[in-house]
Amino acid sequence: MTPHFQPVALHHASRLINHGPTVLVTSAHGAARNIMAAAWSMPVEFTPPRIAVVIDKQTWTRELVMASGAFGLCVPGAALTDLTYAVGSASGRAGDKFAQHGLTPTRGPVLGVPLLEDGCAAWLECRLIPEPHTERAYDTCFAEVVAAAADARIFADGHWSFREDNAALQTIHHLGAGNFVRAGGMWRAQPPTA
Ligand SMILES: Cc1cc2nc3c(=O)[nH]c(=O)nc-3n(C[C@H](O)[C@H](O)[C@H](O)COP(=O)(O)O)c2cc1C
């Protein structure tokens, strides 16, 4: 783990994607490894924490995920916007996107999934939940989160903190056609009055 990354308690893992950031789906099987962008992911269960992510059946990622039964969701910061768009615009079948973009992944602590930390705000290591009918019919994949970590400069003690000094790590949200908006402008609701 890189110096700023700290483990995130599993009961807080859903918060890492609760606000709908575009993520990087990382995967590996045998000697092959891959990374793609995904705008569509969300928490779906509390305990154990489970998530859903749409991984098109046509993608190389999908093939690797089905073969290995595991994947990572890495949450890129704004500084990785161009990279996110690039790995979402080309297939790893044409060559190793980690090597093409000079990315050095770390290994997930539970499943050994490649995970990107440099420039990312967080990652979740996920074990695919086998769902033969869903897998045949839909692009949606369900998984259990088995480990999570975040850069403590932007997520600590179970909470995001979007500030002026961590803009490069703030999460990005795809509006379509290569347009993104960066998370920020954080404020807290007043406690409800009875
Ligand atoms: C910003 C962005 C968001 C994307 N979101 C998704 C998504 O949620 N699900 C999906 O299947 N593909 C999504 N894609 C497309 C894949 O990232 C794209 O098909 C990728 O080239 C697949 O790579 P692979 O064949 O190496 O797995 C997105 C692309 C971009 C640029």
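Notes on the structure in this doc start here. (Residues numbered from 1 in each chain as written. Predicted model: local features only at pLDDT ≥ 70, side-chain atom pairs only at ≥ 80, totals over all residues.)

## A word on the environment of Leu116
Our working definition: The way it works is that DSSP assigns letters per residue, a run of H or I at least four long becomes a helix, a run of E at least two long becomes a strand, and they are numbered from the N terminus. To sort residues by exposure, count the other C-beta atoms lying within 10 Å of each residue's C-beta; 20 or more gives buried, 12 or fewer gives exposed, and values between give partly exposed, all with C-beta atoms placed from the backbone. Here contacts are defined at the residue level, using C-beta atoms placed from the backbone and a cut-off of 7 Å between them.
Looking at the element boundaries, Leu116 is found in the loop between strand 8 (114-115) and strand 9 (120-128). Exposure remark for Leu116: the 23 C-beta atoms within 10 Å place this residue in the buried category. Not counting chain neighbours up to four residues away, the residues in contact with Leu116 comprise Leu24, Thr26, Ile35, Cys74, Leu103 and Pro105.

## Comments concerning the pairing of strand 14 (residues 179-182)
For clarity, the cut-off: What makes two strands pair is DSSP finding at least two bridges between them.
Sheet topology note: the strand 13 (residues 172-176)/strand 14 ladder contains 4 bridges and is antiparallel. In the strand pairing of strand 14, His173 is matched with Val181. Linking strand 13 back to strand 14 in an antiparallel pair, the connection comprises 2 residues, with Ala177 at a positive phi of about 55°.

## Things to note about the site of the ligand
To be explicit about the condition: Any residue whose C-beta atom, as placed from the backbone, lies within 6 Å of a molecule or strand is termed near it. Put simply, Ala, Val, Leu, Ile, Met, Phe, Trp, Tyr, Cys and Pro go in the nonpolar bin, Asp, Glu, Lys and Arg in the charged bin, and everything else, Gly too, in the polar bin.
Around the ligand sit 23 residues, and of these Asp56, Thr61, Gly88, Ser91 and Gly92 come closest. Those elements that provide at least two residues to the shell around the ligand are strand 3 (32-38), helix 1 (60-68) and helix 2 (81-87). Examining the composition of the shell around the ligand, we find that 4 residues originate from one element, strand 3, more than from any other. Per-class residue counts for the shell around the ligand are 10 nonpolar, 10 polar and 3 charged.

## Section: the pairing of strand 6 (residues 70-76)
Taken across its 7 residues, strand 6 has 7 buried, putting it largely inside the fold. Of the two faces of strand 6, the one carrying Ala70, Gly72, Cys74 and Pro76 and the one carrying Phe71, Leu73 and Val75 are both buried. Of the strand pairs in this sheet, strand 2 (residues 23-29) and strand 6 are connected by 3 bridges, and their pairing is antiparallel. Looking across to strand 6, one finds that Val25 is bridged to Leu73.

## Comments concerning the nonpolar core
Note the cut-off: Here, a nonpolar core denotes buried Ala, Val, Leu, Ile, Met, Phe, Trp, Tyr and Cys residues that are linked to one another through C-beta atoms within 7 Å.
In terms of nonpolar packing, the biggest core is built from 45 residues, with Leu16, Leu73, Val75, Ala122, Trp123 and Ala148 touching the most fellow members. Elements with a contribution of two residues or more to this core: strand 2, strand 3, strand 5 (50-54), helix 1, strand 6, strand 9 and strand 10 (140-151). With 7 residues, strand 10 is the single largest residue contributor to this core. When near neighbours in sequence (up to four residues on either side) are disregarded, Ala122 contacts Val8, Leu16, Val75, Ala148, Ala149, Ala150, Asp151 and Phe155.

## Regarding unusual backbone geometry
In the segment running from Thr47 into Pro48, the intervening peptide bond is cis, with an omega of -5°. Tracing the chain through its elements places Pro48 in the loop between strand 4 (41-45) and strand 5. Here the phi dihedral of Asp157 falls at roughly 50°; this positive angle occurs in a residue that is not glycine. When you line up the elements, Asp157 lands in the loop between strand 11 (155-156) and strand 12 (159-160). Positioned with a positive phi, Ala177 is a non-glycine residue whose angle comes to about 55°. With respect to the helices and strands, the residue Ala177 is situated in the loop between strand 13 and strand 14. Given 5 C-beta atoms within a 10 Å radius, Ala177 is considered exposed.

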